[in-house]
Every structure is written in structure tokens, then in C-alpha cells.
Amino acid sequence: QVQLVERGGGLVQPGGSLRLSCVASGFTFSRYSMSWYRQAPGKERELVARISSAGGSTTYADSVKGRFTISRDNAKNTVYLQMNSLKPEDTAVYFCNVAYWGYDVWGQGTQVTVSS
């Protein structure tokens, strides 16, 4: 069974940092690109960052470029999202995602709240 479990969300002040992690199981992690999405209240889910299977290629939403970094450790079946210089508009539920045999698989999500 393909499963993704996110950790690391919380409340942080503007300008602060958080690191999210997503532990994967049930598939050969090193063969798949992995993504982070987020969904703010009343808004559609949006792609935040994506990393290729070996980690050599990354893409980011314009809104997070220069502030967020996606990385992965294939030995630990884990993908990370380092978030720096957080802004109130980064407040959302963050989801880990893999496109597995054409189907989107999602984690349960982790809440990130940026507020003073």
C-alpha cells in the first residue's frame, strides 16, 4: 500500500523557518519524482515544489523561489521541504504527493501557520 506521511508543520512567526518531511512507503521511492503542494483556506491546491527521482532537478512556484528548498534522501525514503523567510501568505495545509502509475497519491497534510 502506497503511503505518504508528512511531519513538521506548526506555528511560526513571519520571517521564521520550518522544515517539513514526508516519509514514503509501499513503492520504490527512488524511481519517482516527488512534490509538495499546499492549500490555503478558500483556495485551490497549488504546486509548491517538485524534485526528480534522483534529486538532480527541482522546480518551484514563483511565490516560493529563493525561500523554499526541496530535497530528498532516497536511503530514507524521505522528501523534505525547507521553508525560510516565511510569510503570512504561506499559511496553508502542505501535502506530499507522488504520481504513482498515473494516480495521484497524497499524504494527510500538515498545517503551517505563519502569524505573529
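Below, the structure is looked at part by part. Computed from a predicted model, the values in this text were never measured in an experiment. In this numbering scheme, every chain counts its residues from 1 along its sequence in written order. Local features in this predicted model are restricted to residues whose pLDDT is 70 or higher, and side-chain atom pairs enter the listing and the counts only when it is 80 or higher, whereas totals over whole chains, interfaces and linings include all residues. Neither water nor hydrogens contribute to the side-chain values; these are computed over all heavy atoms in the structure.

1. A few points about the side chain of Arg-67
Note the cut-off: Every helix listed is a DSSP run of H or I at least four residues long, and every strand listed is a run of E at least two residues long, numbered separately from the N terminus. Remark: exposure states derive from per-residue accessible area (1.4 Å probe, protein chains only) relative to the maximum for the residue type, with buried under 20%, exposed over 50%, and partly exposed in between. Polar contacts here mean pairs of N or O atoms no more than 3.5 Å apart (in protein, one a potential hydrogen donor and the other a potential acceptor; neighbouring residues in sequence count only if both atoms are side-chain atoms). Contacts between residues were defined by any pair of non-hydrogen atoms, one from each residue, lying within 4.5 Å.
Within the element layout of this structure, Arg-67 appears in the loop between β6 (58–60) and β7 (68–73). Classification of Arg-67 by relative accessible area gives buried; the value is 10%. A distance of 2.7 Å separates polar atoms of two side chains, one belonging to Arg-67 and the other to Asp-90. Residues in contact with Arg-67, not counting those within four places in the same chain, are Gln-82, Met-83, Asn-84, Ser-85, Leu-86, Lys-87 and Asp-90.

2. Regarding the nonpolar core
Worth spelling out the cut-off: Side-chain atoms within 4.5 Å link the members of a nonpolar core, which is a set of buried Ala, Val, Leu, Ile, Met, Phe, Trp, Tyr and Cys residues.
Of all hydrophobic cores here, the largest spans 31 residues; its most connected members are Trp-36, Leu-81 and Tyr-94. When residues no more than four places from it in sequence are discounted, the contact partners of Leu-81 are Leu-18, Arg-19, Leu-20, Trp-36, Val-48, Ala-49, Phe-68, Thr-69, Ile-70 and Tyr-94.

3. So, the state of the cysteines
Rule in force here: The term disulfide is used for any two cysteine sulfur atoms that are within 2.5 Å.
One pass over the full model with this rule turns up one disulfide. The residue that forms a disulfide with Cys-22 is Cys-96, at a sulfur-sulfur distance of 2.2 Å. The S-S bond linking Cys-22 to Cys-96 shows a torsion near -85 degrees; that makes this disulfide left-handed. Within this pair, whereas Cys-22 is found in strand β3 (residues 18–25), its partner Cys-96 is found in strand β9 (residues 92–100), the two being separated by 74 residues in sequence.

4. Digging into the sheet that holds β3
Operational definition: Here the rule is simple: two strands pair whenever DSSP picks up at least two bridges between them. A fitted line through C-alpha atoms serves as each axis, taken over the contacting stretch for helices, and the angle formed by two N-to-C directions is quoted from 0 to 180°.
Across the sheet, which stays open at both edges, the four strands sit in the order β1-β3-β8-β7 with antiparallel pairing between neighbours. The sheet is open, and its two borders are formed by β1 (3–7) and β7, each paired with just one other strand. Strand-to-strand twist across the sheet, computed as the mean angle between neighbouring axes with direction ignored, equals 15 degrees. Examined bridge by bridge, β3 and strand β8 (residues 78–83) share six bridges and lie antiparallel to one another. Counted as the bridge partner of Leu-20 is Leu-81 from β8.

5. Overview of unusual backbone geometry
Despite not being glycine, Ser-85 shows a phi value in the positive range, around 50 degrees. In this fold, Ser-85 is placed in the loop between β8 and β9. For Ser-85, a relative accessible area of 41% translates into the label partly exposed. With a phi angle near 50 degrees, Trp-101 is a residue other than glycine that sits in the positive phi range.

6. Here we look at the packing of aromatic side chains
Note on aromatic pairs: each is described by the distance of the centres and the angle between the planes. The test is simple: Only the six-membered ring of Trp is used, alongside the rings of Phe and Tyr, when aromatic pairs are assigned; centres must lie within 6.5 Å, and planes under 30 degrees apart are stacked while those over 60 apart are edge-to-face, with the rest tilted. In our convention, an over-ring charge means Lys NZ or Arg CZ found within 6 Å of a ring centre and within 35 degrees of that ring's normal.
This model, assessed by the stated rule, comprises six aromatic pairs. Look at Phe-27 and Phe-29: their rings are 6.3 Å apart centre to centre, the planes differ by 50 degrees, and that puts the pair in the tilted class. Residue classification places Phe-27 among the buried residues on the basis of a relative accessible area of 11%. Overall, Phe-29 belongs to the buried group, its relative accessible area being 1%. Here Phe-27 and Tyr-32 contribute two aromatic rings whose centre-to-centre distance is 5.5 Å and whose plane-to-plane angle is 85 degrees, an arrangement assigned as edge-to-face. Of the aromatic side chains, those joined through ring pairs into one cluster are Phe-27, Phe-29, Tyr-32 and Tyr-100. Here the basic side chain of Arg-45 rests over the ring of Trp-106, its NZ or CZ set 4.4 Å away from the ring centre.

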